[in-house]
Amino acid sequence: SGGQGDMSPELWARIKDHPCYSEEAHHYFARMHVAVAPACNIQCNYCNRKYDCANESRPGVVSEKLTPDQAFRKVVTVANEVPQLSVLGIAGPGDALYDWKKTKATFELVAREIPDIKLCISTNGLALPDHVDELVDMNIDHVTITINMIDPLIGTKIYPWIFYDHKRWTGLVASQILHERQMLGLEMLAERGILVKVNSVMIPGINDEHLKEVNAAVKARGAFLHNIMPLISDPAHGTHFGLTGQRGPKHAELMALQEACAGGANLMRHCRQCRADAVGLLGEDRGQEFTLDQIPEEVA
Ligand code: SF4
Ligand code: SF4
């Protein structure tokens, strides 16, 4: 829903101009993502590394990977041509916090030139607790964490491995670590007043029923929005779930789950699962107008 819903007036005041969080605002404010962070520290069964991180963006499209300097030039070029630009996000194509040096370098360059742009990241959460202080210092407006389970047993069907503390973990312990880090990161951000949205990928037969519990748990820990996204089934993703592949939810199944969660954490129903390099007003993508070969060598 695009309106105030059951949000407090304080919260609504903070997000009403945000193109992703308010359906009204997306007609007036634009956002862009830059794909500067290719490395990732976990493996999701639904991920195909050839494409963008499926956690925040539409899988199946290859986006243009940029260095921090290239991303900076792209953002300045877009800001000059799209006056409504209000939000810059980094959502991969891997994990923005695991690939932190590039994410940070990009934000620092952009914030120096365009101080009033809102900065956001999305992450799987594993590296999040280590970066909360820096996120506060850098004045990050909001963070999206993809949380697909709060039960590590269910996690074993989604995450074959994680890379944490200099080694690879598999099985139940991998999902236990991921779960603990996600919950800790969420609580730390909420405590410091950074807005946290939670994304969940609905995977029929794996976490679909369970997402009701996820909804209640993330609300209790301070998430201000919960965005339940359908698994976009792709033969290239299916192979990770076993030979039979994995289907995505039917529209009616997604609607029924969102309905069941109404009254829990506020649900976001208009996310378009933009590409990692999307540019423009929500529902429009001008990314192709701003590919690297079209932006100047020198800006600002
Ligand atoms: Fe907004 Fe969703 Fe697009 Fe991110 S992916 S910019 S939250 S609509
Ligand atoms: Fe892929 Fe994103 Fe999962 Fe990393 S967090 S494995 S990039 S979907």
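Check the entry above for the structure.
Below, the structure is looked at part by part. This structure is a prediction, so every number in the text was calculated from the model and none was measured.

**Focus on the environment of L119**
With respect to the helices and strands, L119 occurs in strand β4 (residues 118-123). When the C-alpha positions of L119 and V143 are compared, they lie 8.9 Å apart, and in sequence the two are 24 residues distant.

**Considerations on unusual backbone geometry**
For D165, which is not a glycine, the phi torsion comes out positive at approximately 55°. The topology assignment puts D165 in the loop between β6 (161-164) and β7 (167-170). On the basis of relative accessible area, D165 is assigned to the exposed category, the value being 53%. Its identity as a non-glycine residue notwithstanding, H166 has a phi of 70°, on the positive side. With respect to the helices, strands and loops of the structure, H166 is situated in the loop between β6 and β7.

**Some remarks on the pairing of strand β3 (residues 85-90)**
Across the six residues of β3, six count as buried, placing the element largely inside the fold. Judged from the four bridges that link them, strand β1 (residues 30-33) and β3 form a sheet pairing that is parallel. Its bridge partner being in β3, R31 is matched across the sheet by V87. Alignment of β3 against β4, held across four bridges, turns out to be parallel. Within the sheet, the bridge partner assigned to I90 lies in β4 and is I121.

**Things to note about the nonpolar core**
If you look at soluble globular proteins, the nonpolar side chains tend to sit buried side by side. Ranked by internal contacts, the top residues of the largest apolar core, which has 51 residues, are V34, V75, L88 and L135. The leading source of residues in this core is helix α2 (residues 68-81), at five residues. Core analysis: the next-biggest nonpolar cluster, separate from the first, contains 19 residues, A174, L178, I203 and M229 among them.

**Quick look at the environment of C120**
Its location among the elements puts C120 in strand β4. For the pair C120 and N139, spaced 19 residues apart in sequence, the C-alpha to C-alpha distance is 9.5 Å. Excluding its chain neighbours within four sequence positions, the residues that come into contact with C120 are V87, L88, G89, I90, F107, I140 and H142.

**Description of the packing of aromatic side chains**
Under the criterion given, the structure shown has zero aromatic pairs. Over the aromatic face of W161 sits the side chain of R168, whose NZ or CZ is 3.9 Å from the ring centroid.

**Regarding the sheet that holds strand β2 (residues 42-43)**
Strand pairing in a sheet takes place through backbone hydrogen bonds and is either antiparallel or parallel in direction. Reading across from one edge, β2-β6-β7 is the order of the three strands in this open sheet, with antiparallel pairing throughout. Bordering the open sheet on either side are β2 and β7, each of which pairs with just one other strand. Pairing of β6 with β7, which is carried by four bridges, proceeds in the antiparallel orientation. Within β7, the residue paired with I162 across the bridge is W169.

**Regarding the environment of G185**
One can find G185 in helix α6 (residues 171-191). A sequence separation of 53 residues divides G185 from V132, and the C-alpha atoms of the two residues are 7.5 Å apart. Setting aside anything within four residues of it in sequence, one finds G185 in contact with L128 and P129.

**Concerning α2**
The end-to-end C-alpha distance of α2, which contains 14 residues, comes to 20 Å, matching closely the 20 Å that a straight helix rising 1.5 Å per residue would cover. The element α2 is largely enclosed, with a buried count of 10 among its 14 residues.

**Some words on the side chain of N45**
By the secondary structure assignment, N45 is in the loop between β2 and α2. Assessed through its relative accessible area of 10%, N45 is described here as buried. Within polar-contact distance, the side chain of N45 engages the backbone oxygen of K157 at 2.9 Å.

Reading the values: rules and limits
- Residues numbered from 1 in each chain as written.
- Chains lettered and ligands numbered in written order.
- Predicted model: local features only at pLDDT ≥ 70, side-chain atom pairs only at ≥ 80, totals over all residues.
- Heavy atoms only, no water.
- Helix = DSSP H or I, 4+ residues; strand = E, 2+ residues; numbered from the N terminus.
- Buried < 20%, exposed > 50% of the residue type's maximum accessible area, 1.4 Å probe, protein only.
- Pairing = 2+ DSSP bridges.
- Core = buried A, V, L, I, M, F, W, Y, C linked by side-chain atoms within 4.5 Å.
- Contact = heavy atoms within 4.5 Å.
- Phe/Tyr/Trp six-rings, centres within 6.5 Å; stacked < 30°, edge-to-face > 60°.
- Lys NZ or Arg CZ within 6 Å of the ring centre and 35° of its normal.
- Expected span 1.5 Å × (residues − 1).
- Polar contact = N/O pair within 3.5 Å; in protein donor to acceptor, adjacent residues only side chain to side chain.

Bear in mind that shape data such as this cannot, by itself, settle questions of function.
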